[in-house]
Structures are given as structure tokens and as C-alpha cells.
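Observations on chain architecture
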Amino acid sequence: MDWPISEVARMSGVTARTLRHYDETGLLPPARIGANGHRYYEEHQLLLLQQILVLRALGVGLPEIGRILSAQVDEVDALRGHHRRLLAERDRLDALAATVSRTIAELEQSRKDGNPMTINRPENLFEGVQPSHYAENMRDFPELAEEVGRRAAAMSQADADAGHRERTAQMIRLAELMASGHPAGAEPVQAEVDAQYRALTRLRTVSAEEYRAIGRSCVDNDAWRTAYEAITPGLAAYQRDAIEAYVTARLS
């Protein structure tokens, strides 16, 4: 049995354009091309597509995925390896959610007491967070991902720690604005989004449509959504809406 590209796109959630790209790059050729020029996929290709999507979810780049697929022999052994990585990523996200939750609780308590927050063990702020994960989660934006990855690889530990602190602080500030009832288009929210946009444009030019797509990925990208929702429910959509308002008002 085989399936046309449109059906594979529907089943997998991968666009037909992406599937054609996978074919053109040799990553996932179809089983056959029909007389009508349409691509058709069999079970073997669906299994390979599953592996590609699992590896992408784990942040592996397409060139590396190609090497992995070409080197592996046994599909079951490969899937066992992917499963171990998924479990490790689940544990990391659990640790990250606990880290952010603990930080929020400490900040709230310090404000209630009227005292500055005292960090007795600063390393606790970064449990479950690694510099490479920021590059991995940009996988839907390959040019930005390449630049983020290059800079992350060159970071000192001090620079990485400072980046973690700032990213965590940005998300918490946004959560506080949402909790305070500020609409996504309100000036304090837009100031936060402007700072985020300027940080991206220091890496490379980011078009209005690309920034809008990044905003949508706050909800559509599982890893991003998990990170936002670990801070407070609804934050991913709030960030998306704030970026949409920013693009409409300042970039369009």
C-alpha cells in the first residue's frame, strides 16, 4: 500500500513543501513518482519520516539526521535509541519546569516579604537548561538556528549563565505583565517584545513575516510552548499575540 504526498502531509503534520524538500535533498525520497508526477510513499518511508520527526524534535539538524539514517541498519535498534533520547528530554523538561516554578515561588515570596530575592545556590536557576537547546528550538528557522548554534558553541560558561538569566527574566517579566492584565499590545509588553526583536536582529536581519512566524512557533513548537507554559498557562499564546501586535504596529 502507498499514500500520496498530500495524505502523508495530512497524517504527519509535515507540509507537502517540506516533504518535497526532503526528497530533493535525498533525505526522504518517495517510494515512487506516479505518472501524474505526484510522489507516493510506502510504509518504509513512513517509518523513516517518523524517525526524522523524532530526531528533529530532539533538535538534531537535517544534515546530521541524514548521516544517522544512512548509517543505521536495524530500525528497532534505532527507535530504541530515539526512545532513550526522548525520555532524557522529558526528564530535562521536567527539571526545567521545576526550576522555573521554584524561581517564581522565590520571587513571589521575596516581593511579599518586601525583601530582595537572595539566591543561595545560583546554579539552581539553570537546572535543566543548556545553551544548545536554544539553537535546537530554532530548527524551524535554519539560518537563525545556525547563527545561534555558532554563538552558543563559542560562549564561555559565564556568558551562557548570563544568557540563561536574561531569558528566564524576560519570560517571567512577560508572565507578570499578563498576570497584571496588560493586553498583548500594551506598551510595557511591546517594550519587552522590542527587546527580543532587537536581540534577534543582532544575529541577522529578521523580516516581519519571519518574526510573525517565530511568534506563532511559541504555540506551535512543542518545546517552546512547554517552556512558556511551565512558567504560567497561557503565556505561549500571550507571547505570540504580543509579537503579532508588534509586527502589525512596527514592522508592517
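Attention here is on the structure that accompanies the text. Positions within a chain are numbered from 1, following the residues in the order the chain's sequence is written. With the structure being a predicted model, the display of local features is reserved for residues of pLDDT at least 70 and the display and counting of side-chain atom pairs for 80 or more, all residues being used for whole-chain, interface and lining totals. Excluding hydrogens and water, the side-chain figures rest on all heavy atoms present in the structure.

Quick look at the overall build of the protein
Only DSSP runs of H or I reaching four residues or more are called helices, and only runs of E reaching two or more are called strands; each is numbered from the N terminus. Helix and strand counts for the protein come out as 12 helices and three strands. By the convention used here, residues are in contact when the closest approach between their heavy atoms is within 4.5 Å. Long-range pairs, those at least 24 residues apart, make up 62% of the contacts in the protein between residues at least 6 apart in sequence. Each accessible area is a Shrake-Rupley result for a 1.4 Å probe, and residues are judged covered by the shown protein chains and nothing else. Total accessible area computed for the protein in this model is approximately 14,000 Å², and 53% of it derives from carbon and sulfur atoms.

Section: the pattern of salt bridges
By salt bridge we mean one thing: a side-chain nitrogen of Lys or Arg within 4 Å of a carboxyl oxygen of Asp or Glu. Applying the stated rule across the entire model yields 10 salt bridges. A salt bridge links Arg 250 to Glu 187, with the shortest nitrogen-to-oxygen separation between them at 3.6 Å. Note that Arg 250 is positioned in helix α12 (residues 235-251) and Glu 187 in helix α9 (residues 187-201), a separation of 63 residues in sequence. Summary of the burial criterion: residues with accessible area below 20% of their type's maximum are buried, those above 50% are exposed, and those between are partly exposed, where the area comes from a 1.4 Å probe applied to protein chains only. We classify Glu 187 as exposed; its relative accessible area is 53%. With a shortest N-O distance of 3.8 Å, Arg 250 and Asp 194 are connected by a salt bridge. Note that Arg 250 is positioned in helix α12 and Asp 194 in helix α9, a separation of 56 residues in sequence. Residue classification places Asp 194 among the buried residues on the basis of a relative accessible area of 13%. When salt bridges that share partners are traced, they join Glu 187, Asp 194, Arg 198 and Arg 250 into one network.

Let's talk about the packing of aromatic side chains
What counts as a ring pair is set by centres within 6.5 Å for rings of Phe, Tyr and Trp (its six-membered ring), and what kind of pair is set by the plane angle: stacked under 30 degrees, edge-to-face over 60, tilted for all other angles. As enumerated under the stated definition, the model contains three aromatic pairs in all. Considering the side-chain rings of Tyr 197 and Tyr 246, the 5.6 Å spacing of their centres and the 50 degrees angle between planes classify their relative orientation as tilted. Residue Tyr 197 is found in helix α9, and its partner Tyr 246 is found in helix α12; the two are separated by 49 residues along the sequence. Each of the two residues, Tyr 197 as well as Tyr 246, counts as buried. Considering the side-chain rings of Tyr 211 and Tyr 246, the 5.9 Å spacing of their centres and the 85 degrees angle between planes classify their relative orientation as edge-to-face. With Tyr 211 in helix α10 (residues 208-220) and Tyr 246 in helix α12, the pair connects residues that are 35 residues apart, well separated along the chain. Across the pair, Tyr 246 and Tyr 211 agree in class, each one buried.

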